[in-house]
Amino acid sequence: MARRPNILLTGAVLEVAGLRRGHGTPGVGKTTLGKELAQRSGLTYVNIGDLAQEGQLYDGYDEEYQCPILDEDRVVDELEEKMEEGGVIVDYHGCDLFPERWFHIVFVLRTDNTQLYTRLEGRGYTGKKLQDNVQCEIFQTIYEEAMEAYREEIVHQLPSNTPEDLEQNLEQISSWTERWMKEHN
Ligand code: DAT
């Protein structure tokens with residue numbers, strides 16, 4: 001069977017417990033991009049929040065953020081076999097829980113704060129949850145986390161503000177995937 005790459009789509013994340021380990025995601029467009037990319041490229045889209053929900057891969061409950069806490073070890077075990085086969089697009093708002101060897105490329109989606117704020121408000125986020133998510137986008141927490149967790153050459157930032165950005169990101173990642181497959185098969 002042809003070798004296919006594994007892609008990580010990540011985005012804004014916060015340092016404190018709760019959201020990053022639960023399944024609330026900070027609306028930077030990972031799901032939209034990931035699902036469309038899967039359709040175009042034939043790769044398999046995996047949303048870590050949904051996976052955890054389905055398998056109840058939780059370890060306790062975070063009272064402050066009012067969401068379940070992800071059991072990271074069980075998530076990694078659950079995905080190991082699929083990742084070894086290749087051809088998986090992983091969508092999660094954190095990145096240092098995954099083994100480095102899993103991914104051939106990592107994309108960190110960036111949304112301007114004003115837009116992120118509006119989108120999150122539209123989802124009903126308020127108070128501390130809203131503040132923390134916007135805050136961490138300002139400080140580029142996730143990008144730094146990605147640069148530490150993976151080889152810098154494979155970590156890329158993608159703007160995710162407009163439908164035009166989405167289309168450009170799709171084209172860019174699709175052609176990268178085709179090139180990767182030509183080189184590795
Ligand atoms: P995430 O999976 O990161 O939480 P999402 O894909 O669910 O984000 O998108 C959150 C919202 O933003 C959703 O209403 C769709 C919209 N959106 C996603 N990508 C966008 C883009 N490039 N331009 C404008 N809106 C976008």
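Above this text is the structure in question.
The following refers to the structure shown. The structure presented is a predicted model; accordingly, all values stated were derived computationally and were not measured. For every chain, the first residue of the written sequence is number 1, and numbering continues from 1 along that sequence. Local features are withheld for residues below a pLDDT of 70 in this predicted model, meaning they are given only at 70 or higher, and side-chain atom pairs are given and counted only at 80 or more; totals for whole chains, interfaces and linings count all residues. To obtain the side-chain values, all non-hydrogen atoms of the structure were included, while hydrogens and water were left out.

**Description of the side chain of Asn6**
Move 1: Here Asn6 lies in the segment before β1 (7–10).
Move 2: Note on classification: 1.4 Å probe, protein chains only; a residue is buried when its accessible area is under 20% of the maximum for its type, exposed when over 50%, partly exposed between these limits. Its relative accessible area of 1% is what places Asn6 among the buried residues.
Move 3: A 3.5 Å cut-off defines polar contacts: any pair of N or O atoms within that distance qualifies, except that in protein one atom must be a possible hydrogen donor and the other a possible acceptor, and neighbouring residues in sequence count only when both atoms are side-chain atoms. In this structure the side chain of Asn6 is engaged in a polar contact, spanning 3.0 Å, whose partner is the backbone nitrogen of Val88.
Move 4: Within the structure, Asn6 has its side chain in polar contact with the backbone oxygen of Trp102 (distance 3.0 Å).
Move 5: Note on definitions: a residue-residue contact is assigned when non-hydrogen atoms from the two residues lie within 4.5 Å. Every residue in contact with Asn6, bar those within four places of it in the chain, is listed here: Met83, Gly86, Gly87, Val88, Trp102, Phe103, His104 and Ile105. Helix and strand labels come from DSSP, where a helix needs a run of H or I of at least four residues and a strand needs a run of E of at least two; each type is numbered from the N terminus.

**So, the sheet that holds strand β5 (residues 88–91)**
Move 1: Strand pairing is assigned whenever DSSP identifies at least 2 bridges connecting the two strands. One open sheet holds the 5 strands; their spatial order is β2-β5-β1-β6-β7, and the pairing between them is parallel. Each edge of the sheet is formed by a strand with only one pairing partner; in this case those strands are β2 (44–47) and β7 (155–159). Here the strands of the sheet are splayed against their neighbours by 20° on average, with no regard to which way each runs.
Move 2: Relative to β5, β2 runs parallel, the two being bridged by 4 bridges. Among the inter-strand pairings, Asn47 is bridged to a residue of β5, identified as Asp91. Each axis is a line fitted through C-alpha atoms, taken for helices only over the stretch in contact, and angles between the N-to-C directions span 0 to 180 degrees.

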